[in-house]
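Here is how the chains run, residue by residue.
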Amino acid sequence: MYAKIETERLLYIRLNQTELRSEQYIHLRDAIVNDGNVNPNELGRMAILPSTFTGSPRHMLEYAQDAMTYVRAYGRPDLFVTFTCNPTWNEIKELLLVGQSSSDRHDITARVFKQKLKCLMDFIIKHHVFGETRCWMDSIEWQKRGLPHAHILVWLINKITPDQIDQIISAKIPDKHMDPNLFDVVTKKYDP
């Protein structure tokens, strides 16, 4: 289904180049044609993707420039958080039909992931779990096996000092007797 939608989007862009004002990209066209490595006769029909086309080089460049604007205005981010989808979340498993796995229903996985990501961001931003937040930005990617994950940059009003890192980051397995539920979550092996 994704391939069908993507094909329709690309077809629309190709057929509506004038409405997308791609003729204004004359310098981009000249750069491609005048490059010594490119033969214009081998290019085929040229269609310029707008920066709004997710995943296009121009989209990625624009996103990177936006991130650099944040860095220029607020300095380096205080936190880099990675949030990964878990295909064994109860919300996903409850919506699957008998015999289905999460890889069969990307729509369910995406919706549950988006809701959980929103809850995480509310937890970080509204509840000030790491302190008061100045700003944040995120990028969602899909892994090869079909699960989304988010990379989140967070700028805090009160910067984190090196002696506070151990209070925020923990890389240990929880005690089995003190918190058995969390221990089970952390040690459970995922079997696709």
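As a reminder, the structure under discussion sits directly above these lines.
Thresholds, definitions, all that
Residues numbered from 1 in each chain as written. Predicted model: local features only at pLDDT ≥ 70, side-chain atom pairs only at ≥ 80, totals over all residues. Heavy atoms only, no water. Phe/Tyr/Trp six-rings, centres within 6.5 Å; stacked < 30°, edge-to-face > 60°. Helix = DSSP H or I, 4+ residues; strand = E, 2+ residues; numbered from the N terminus. Buried < 20%, exposed > 50% of the residue type's maximum accessible area, 1.4 Å probe, protein only. Contact = heavy atoms within 4.5 Å. Polar contact = N/O pair within 3.5 Å; in protein donor to acceptor, adjacent residues only side chain to side chain. Pairing = 2+ DSSP bridges. Axes fitted to C-alpha atoms, helices over the stretch in contact; angles between N-to-C directions. Patch = residues over 30% accessible without salt bridge, like charges linked within 9 Å, V, L, I, M, F, W, Y side chains within 5 Å. Areas by Shrake-Rupley, 256 points an atom, 1.4 Å probe, with all protein chains shown as cover. Salt bridge = Lys/Arg side-chain N within 4 Å of Asp/Glu carboxyl O. Core = buried A, V, L, I, M, F, W, Y, C linked by side-chain atoms within 4.5 Å.

Engineer: Residue-level account of the packing of aromatic side chains, with values.
Structural biologist: Tallying each qualifying case throughout the model produces four aromatic pairs. Seen in terms of ring centroids, tyrosine 70 and tyrosine 74 are 6.3 Å apart; in terms of plane orientation they differ by 55°. Their pairing is tilted. Note that tyrosine 70 and tyrosine 74 are positioned in helix 3 (residues 57-74) at a spacing of four residues, about one turn of the helix. Overall, tyrosine 70 belongs to the partly exposed group, its relative accessible area being 27%. Among the aromatic residues, those joined into a ring-pair cluster are Tyr70, Tyr74 and Trp155.

Engineer: Requested: an account of the environment of phenylalanine 123, with residues and values cited.
Structural biologist: Its place among the elements puts phenylalanine 123 in helix 5 (residues 106-125). Here phenylalanine 123 falls in the partly exposed class, since its relative accessible area comes to 44%. Other than its neighbours up to four places away in sequence, phenylalanine 123 contacts His128 and Val129.

Engineer: Which residues make up the side chain of aspartate 78, and what values go with them?
Structural biologist: The topology assignment puts aspartate 78 in the loop between helix 3 and strand 1 (79-84). There is a polar contact of 3.5 Å between the side chain of aspartate 78 and the side chain of lysine 159. Apart from residues lying up to four places away in sequence, aspartate 78 is in contact with Val154, Trp155, Leu156, Lys159 and Ile160.

Engineer: Which residues make up the sheet that holds strand 2 (residues 133-142), and what values do they have?
Structural biologist: Across the sheet, three strands lie side by side as 1-3-2; this open sheet has antiparallel pairing. Each end of this open sheet is capped by a strand with a single partner; those strands are strand 1 and strand 2. For this sheet, the mean angle separating the axes of adjacent strands, direction not counted, is 20°. Here strand 1 runs beside strand 3 (residues 148-156); their pairing, made up of six bridges, is antiparallel. Looking at strand 3, one finds that leucine 79 is bridged to valine 154. Against the sheet, helix 3 makes contact with strand 2 and strand 3, and its axis sits at roughly 160° relative to strand 2, the strand it touches most. Where helix 5 meets the sheet, its contacts fall on strand 1, strand 2 and strand 3, and the angle it forms with strand 2 comes to roughly 165°.

Engineer: Run through a nonpolar patch on the surface, naming residues and quoting values.
Structural biologist: Side chains of Ile173, Leu182, Val185 and Val186 sit close together on the surface and give an oily, nonpolar patch of about 370 Å² of accessible area. For isoleucine 173, the location among the structural elements is in the loop between helix 6 (165-168) and helix 7 (180-187). Judged by its relative accessible area of 54%, isoleucine 173 falls in the exposed class.

Engineer: Outline the nonpolar core, listing residues and values.
Structural biologist: Formed by 19 residues in total, the largest nonpolar core has its most connected members in Phe83, Trp89, Ile92, Phe113, Leu117 and Ile152. Only strand 1, helix 5 and strand 3 provide two or more residues apiece to this core. Not counting the four nearest positions on each side in its chain, phenylalanine 83 is found in contact with Trp89, Phe113, Lys116, Leu117, Leu120, His149, Ala150 and Ile152.

Engineer: Quick rundown of unusual backbone geometry? Include the residues and the values.
Structural biologist: Located in the positive-phi region is histidine 128, a residue other than glycine, with phi close to 50°. Among the secondary structure elements, histidine 128 is positioned in the loop between helix 5 and strand 2. With a relative accessible area of 38%, histidine 128 lands in the partly exposed category.

Engineer: Got a sec to walk through the pattern of salt bridges? Specific residues and values, please.
Structural biologist: For the coordinates displayed, the defined rule picks out six salt bridges. Between lysine 159 and aspartate 78 there is a salt bridge; the shortest N-O distance is 3.5 Å. Highlighted residues: lysine 159 in the loop between strand 3 and helix 6 and aspartate 78 in the loop between helix 3 and strand 1, separated in sequence by 81 residues. Assessed through its relative accessible area of 40%, lysine 159 is described here as partly exposed. Lysine 126 serves as the salt-bridge partner of aspartate 122, at 3.7 Å between the closest nitrogen and oxygen. Counted as one network, the salt bridges with shared partners bring together Lys118, Asp122 and Lys126.

These values are about where atoms sit, not about what they do.
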